[in-house]
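Examining the three-dimensional arrangement
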Amino acid sequence: MLVQLLLLSVASAKVYLYGPADLKQRIEDEYRTEEIPSSLANFGNPPYNKVILGRVFVPDLDEHKQACNNLNPIDFSFDPDGINTPILLVERGGCSFVVKVRNAQNIGASAVVIYDDRQENVENVVMIDDGTAGNIFIPSFLIPKKAGELIHEELTNTLGPHYVAMTLTFEMNRPDNRVEYELWLSSDHQLARQFLQEFAPMARLFDDESAKMTPNYVLWYCGTCSPEYTTDHPDCVSGGRYCAPDPDYWGPRTGREIVMEDLRQLCIYKQTRDEEDENIWWDYVEVFSKSCVDRDFNKECSEKVMKKVDIDPNQIDKCVRDSFDGPDEKLDDNWLLRAQRDKLLSSGVIFYPSIIINNQTFRGDLEAPEVMEAICAGFREKPEACFSHEEEDLRPRSGIGAGTLLLIIFFSMVLLASILYFYRYWVRKEMSQEMRSQVNSAVSQYIALTEQSRD
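These lines cover the structure that appears in this document, whether it is placed above or below. Bear in mind that the values here come from a model prediction, so they are computed numbers and not experimental data. Counting starts from 1 at the beginning of each chain's written sequence and moves along it residue by residue. It should be noted that, the model being predicted, local features are given only for residues of pLDDT at least 70 and side-chain atom pairs only at 80 or more, the latter also being counted only at that level, while totals for whole chains, interfaces and linings use all residues. Note: side-chain values were computed over all heavy atoms of the structure, leaving out hydrogens and water.

**Let's talk about the packing of aromatic side chains**
Within a pair of aromatic rings, the relevant descriptors are the distance that separates the centres and the angle that separates the planes. The line we're drawing: Any two of the Phe, Tyr and Trp rings considered here, Trp counted by its six-membered ring, make a pair once their centres fall within 6.5 Å; the pair's planes then place it as stacked at under 30 degrees, edge-to-face at over 60, or tilted in between.
For the structure shown, the criterion picks out 10 aromatic pairs. Members of the aromatic cluster, each reached through a chain of ring pairs, are Tyr181, Phe195, Phe199, Trp281 and Trp282.

Right, dumping it as structure tokens:
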């Protein structure tokens, strides 16, 4: 059920065969639809609300058909729509999805289609990042074994050459001029913290009417605790109902600190809703993610951040205490965390950190510009915030103004000139000393020879 809910949310990324006509008809007969069943990977950067129409290629050597090793260059000069967007078709197996896509990207592919090596419903398969996909920027799909074999046979038939074209679509739901997106995270997750720091300035560009954000926190349960929830476990609250992994194993930190920070952030978001100002939450998590790390990840650091961003720590502390059903946070249940657990079980989220935009799971690298692009793709008509973001992208990434840049260039030139001056001075000095040494040596030898001739 969880997988089905998740896959329904990403069903708008689709694969179609564009041509040739006879192969297209064979695949339509196989699946009783023009669309080839597929699953979009959760890494790479899908171009939301855009289409890739490209010619399909296969690796030049049969031993490279799984793309598990470095691939030989391929001539990608021809494309059916005049825009060079080659799609590489490879077989599943032998290595991770990430390795295949990286090898294809390295030879210039714009997208990768992987065909299954077994008979199964590929829509139930999630191509998950193996932890090394940070430098992959092209999208990739998994399609059924039969469809892939038909396309591969067409491309490798000795009666060729054959030109197979494919269309990849990446639609984002656009019901109206309001986008609703949910974050699924943990307050101590490094990738989530980095994303929150980078995305906070972009999130503030939206007003409450155009974009509604909801943070959600992934909580574990204690598998070794009492089923009656009467165990005081250091990584849990509420008798083991809500837990987080021990962040430093046998070190002084505990998972309970993470759960309590998740709870504080939920209370801050609750205040955000009461005051109808999402910036309260963004202000806090941005500063907290920068300031409270490792041993400073605790209530004391959290309250310092609250004061810094004008949040009353007493008000948040009261919210935390009131959310428990009794006075003992170690054993008593918590209605805020209970709601989070229920929502997690019904949402279909199976990996985190993740983002759901207009009921679609965002697939791609969790980086601020890519997420902003996906959110803007969810508006029927883009608001000013999206155009402001696009203009911001045209500026230098470092944020250095033109005047400052000219000053830096000027002083760099002055510094370089000074270095050259002193270098020439040093060279001349060294040459002068060397010349004097050689002259003195020559004179000494001359005197010695004169003395010998006299003798």
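On we go from here.
**Observations regarding the state of the cysteines**
Put simply, the rule reads: Note that a disulfide, as used here, is simply two cysteine sulfur atoms within 2.5 Å. The helix and strand labels rest on DSSP assignments: H or I over at least four residues marks a helix, E over at least two residues marks a strand, and numbering proceeds from the N terminus. Accessible area is worked out with a 1.4 Å probe on protein chains only. A residue is then buried under 20% of its type maximum, exposed over 50%, and partly exposed in between.
One pass over the full model with this rule turns up 6 disulfides. At a sulfur-sulfur separation of 2.2 Å, the disulfide partner of Cys68 is Cys95. When the S-S torsion is -90°, as for the bridge of Cys68 with Cys95, the disulfide is left-handed. With Cys68 in the loop between strand S4 (50–57) and strand S5 (87–91) and Cys95 in the loop between S5 and helix H3 (97–106), the pair connects residues that are 27 residues apart, well separated along the chain. Paired by a disulfide, Cys222 and Cys225 hold their sulfur atoms 2.0 Å apart. Sign of the S-S torsion, about 80° for the bond between Cys222 and Cys225, identifies this disulfide as right-handed. On the accessibility criterion, Cys225 (11% relative accessible area) is buried. What connects to what in the protein, once the bonded cysteines are numbered by sequence position, is 1-2, 3-4, 5-6, 7-10, 8-9, 11-12.

**Details of the environment of Val58**
As for its placement among the helices and strands, Val58 is situated in the loop between S4 and S5. When its relative accessible area of 15% is taken as the criterion, Val58 is described as buried. Here the alpha-carbon distance between Val58 and Ile151, two residues 93 residues apart in the chain, equals 9.6 Å.

**Considering unusual backbone geometry**
Excluding glycine, residues mostly carry a negative phi; peptide bonds, for their part, are mostly trans. For the bond from Gly19 to Pro20, the omega torsion is 5°, close enough to zero to count as cis. The residue Ala67 is not glycine, and still its phi comes out positive at about 55°. When you line up the elements, Ala67 lands in the loop between S4 and S5. For Asp310, which is not a glycine, the phi torsion comes out positive at approximately 65°. Of note, Asp310 is situated in the loop between helix H8 (299–308) and helix H9 (313–322). For Asp310, a relative accessible area of 72% translates into the label exposed.

**Some details on H9**
Here is the rule: When we speak of the arc, we mean the arc of directions from the helix axis to the C-beta atoms. We call two residues in contact when some of their heavy atoms are within 4.5 Å. Here a polar contact means two N or O atoms within 3.5 Å. Within protein one must be a hydrogen donor candidate and the other an acceptor candidate, and residues neighboring in sequence count only if both atoms are side-chain atoms.
Every buried residue of H9 is listed here: Pro313, Ile316, Cys319 and Val320. What you see down the axis of H9 is that its buried residues fit within an arc of 125°, all on one side. Contacts from the buried residues of H9 go to helix H6 (255–275), H8 and helix H10 (335–347). Two to three positions downstream of the cap, the backbone nitrogen of Asn314 sits 3.1 Å from a side-chain oxygen, assigning the N-cap of H9 to Asp312.

**Let's talk about the sheet that holds strand S10 (residues 211–217)**
Here is the rule: Two strands pair under a simple rule: DSSP has to find at least two bridges between them. The axes used here are C-alpha line fits, helices contributing only the stretch in contact, and every angle between their N-to-C directions lies in the interval 0 to 180 degrees.
As summarised here, the arrangement of the 4 strands in space is S10-S9-S13-S14, forming an open sheet in which the pairing is mixed. The open sheet has two free edges, formed respectively by S10 and strand S14 (360–361), since each of these has just one partner strand. Pairing of strand S9 (residues 179–185) with strand S13 (residues 354–357) involves 4 bridges; the strand directions are antiparallel. Each bridged residue has a counterpart across the sheet, and for Tyr181 the counterpart in S13 is Ile357. Against the sheet, helix H5 (residues 190–203) contacts S9 and S13, and its axis sits at roughly 155° relative to S9.

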